[in-house]
Amino acid sequence: MKKQKSCCRVLFQEQIAAGIFDLRLETALGSGARPGQFVGVFPKDGAMLLPRPVSICDADDTSLRLVYRIAGKGTASMSALRPGDSVDVLGVLGNGFPLEEAAGKQVLLMGGGIGIPPMLFAARVLSERIAAGHADAPAAVTIVCGYRDAETFLSEELSACGNLLIATDDGSAGTQGTVIDALRAAEVKADVIFACGPKPMLSAVKEYGASARTFLSLEERMACGVGACLGCVCKTTETDAHSHVRNARVCTDGPVFAGEEVSL
Ligand SMILES: Cc1cc2nc3c(=O)[nH]c(=O)nc-3n(C[C@H](O)[C@H](O)[C@H](O)COP(=O)(O)OP(=O)(O)OC[C@H]3O[C@@H](n4cnc5c(N)ncnc54)[C@H](O)[C@@H]3O)c2cc1C
Ligand code: FES
């Protein structure tokens, strides 16, 4: 299906940690969106033609929440958006996490750095399923997040959705070290793992979760966002039936892949 560009109105934006912004948009785009899906946000500066991929941190029928870090010019221009401004958004894009795999299972949600925002959407949906006795509800949810320091953005909302473990690079909050160090310290067991974060973290998650089902959200650099440019391919373990090469497009085949499908 061709993805449409929609003009959305900015409802609200605030800085929630150093260089990290929480943006709310008025739009029906997020209705039916799944955790792990993303949108492409077009920078206001017309000199930047390509949309910037940003994961959905939360969504309902009338609004989208995006939490992002300023990385360069595109995200810096997003941070200048004010209530009432309009912004073009492409999407909703990507496949999202297969949350039905969580049914009846011990679930681990893992986020590292700017991979944390989509895990809040997943945590919120799964905790609501538990509360409602939904057929696909997990048995329990543990959330593990890795931050640089004590600026643990979104942690209050995450802890309202399940048992939250924190790891920080500098040891100023939670366990000093990586998300894997925090897991080992708490001796957490899991049947299913959903994770989003930098590649070294996803690699470690894949190894740690060898006996669990793992679903990893990759954040490759993207250009078109809709499968046309091959700018975002990742290496796969199996050969693609059409292209006969071992790769997949993160924007349309992902960004979520089963751990065994991808080579990191
Ligand atoms: C599916 C997906 C979901 C994402 N979700 C989020 C999110 O929820 N919040 C968020 O803050 N960011 C997210 N990102 C990353 C975000 O898209 C980039 O930070 C952004 O596009 C950078 O644009 P820029 O113009 O500000 O910086 P640029 O000038 O384009 O780049 C600045 C620096 O960031 C690096 N960079 C750019 N894109 C990426 C990337 N994808 N991964 C790693 N490094 C990159 C560049 O190499 C460069 O060093 C996501 C990326 C993908 C692919
Ligand atoms: S970004 Fe163009 S194919 Fe994925």
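These lines cover the structure that appears in this document, whether it is placed above or below. (Residues numbered from 1 in each chain as written. Chains lettered and ligands numbered in written order. Predicted model: local features only at pLDDT ≥ 70, side-chain atom pairs only at ≥ 80, totals over all residues. Heavy atoms only, no water.)

We now examine helix 4 (residues 179-186). Listed as buried for helix 4 are Val179, Ile180, Ala182 and Leu183. In a view along the axis of helix 4, the buried residues occupy a sector of 160°, so they form one face of it. Set apart from the buried face of helix 4 by more than 90 degrees, the exposed residues are Arg184 and Ala185. Contact partners of the buried residues in helix 4: strand 8 (106-112), strand 9 (140-147), strand 10 (163-168), strand 11 (175-176) and helix 5 (199-208). (Buried < 20%, exposed > 50% of the residue type's maximum accessible area, 1.4 Å probe, protein only. Helix = DSSP H or I, 4+ residues; strand = E, 2+ residues; numbered from the N terminus. Arc of directions from axis to C-beta. Contact = heavy atoms within 4.5 Å.)

With respect to the helices and strands, Ser79 occurs in the loop between helix 1 (73-78) and strand 7 (86-93). What makes Ser79 buried here is its relative accessible area of 13%. In this structure the side chain of Ser79 is engaged in a polar contact, spanning 2.6 Å, whose partner is the backbone oxygen of Ala76. For Ser79, the contacting residues outside a window of four places in its chain are Gln13, Phe21, Tyr68 and Ile70. (Polar contact = N/O pair within 3.5 Å; in protein donor to acceptor, adjacent residues only side chain to side chain.)

This paragraph deals with unusual backbone geometry. With an omega of 10°, the peptide bond between Gly91 and Val92 qualifies as cis. Topologically, Val92 is positioned in strand 7. With an omega of 15°, the peptide bond between Gly254 and Pro255 qualifies as cis. With respect to the helices and strands, the residue Pro255 is situated in the loop between helix 6 (250-253) and strand 16 (256-258). Phi is positive for Leu154, close to 70°, though the residue is something other than glycine. Mapped onto the elements, Leu154 comes out in the loop between strand 9 and helix 3 (155-159). At Glu187, a residue that is not glycine, the phi angle is positive and equals roughly 50°.

Another aspect to go through is the environment of His134. Summarising the element assignment, His134 is placed in the loop between helix 2 (116-132) and strand 9. What makes His134 partly exposed here is its relative accessible area of 37%. Measuring from C-alpha to C-alpha, the distance between His134 and Ala103 comes to 8.9 Å, with 31 residues separating the pair along the chain.

We now examine the pattern of salt bridges. Taken as a whole, this structure holds 10 salt bridges when the rule is applied. A salt bridge links Asp22 to Arg65; the shortest N-O distance between them is 2.8 Å. In this pair, Asp22 sits in strand 2 (residues 20-26) while Arg65 sits in strand 6 (residues 63-69), placing the two residues 43 residues apart along the sequence. Like Arg65, Asp22 is buried. Residues Asp253 and Arg249 are paired through a salt bridge, measuring 3.9 Å at the closest nitrogen-oxygen approach. One continuous salt-bridge network, built from bridges that share partners, spans Asp22, Arg24, Arg65 and Glu157. (Salt bridge = Lys/Arg side-chain N within 4 Å of Asp/Glu carboxyl O.)

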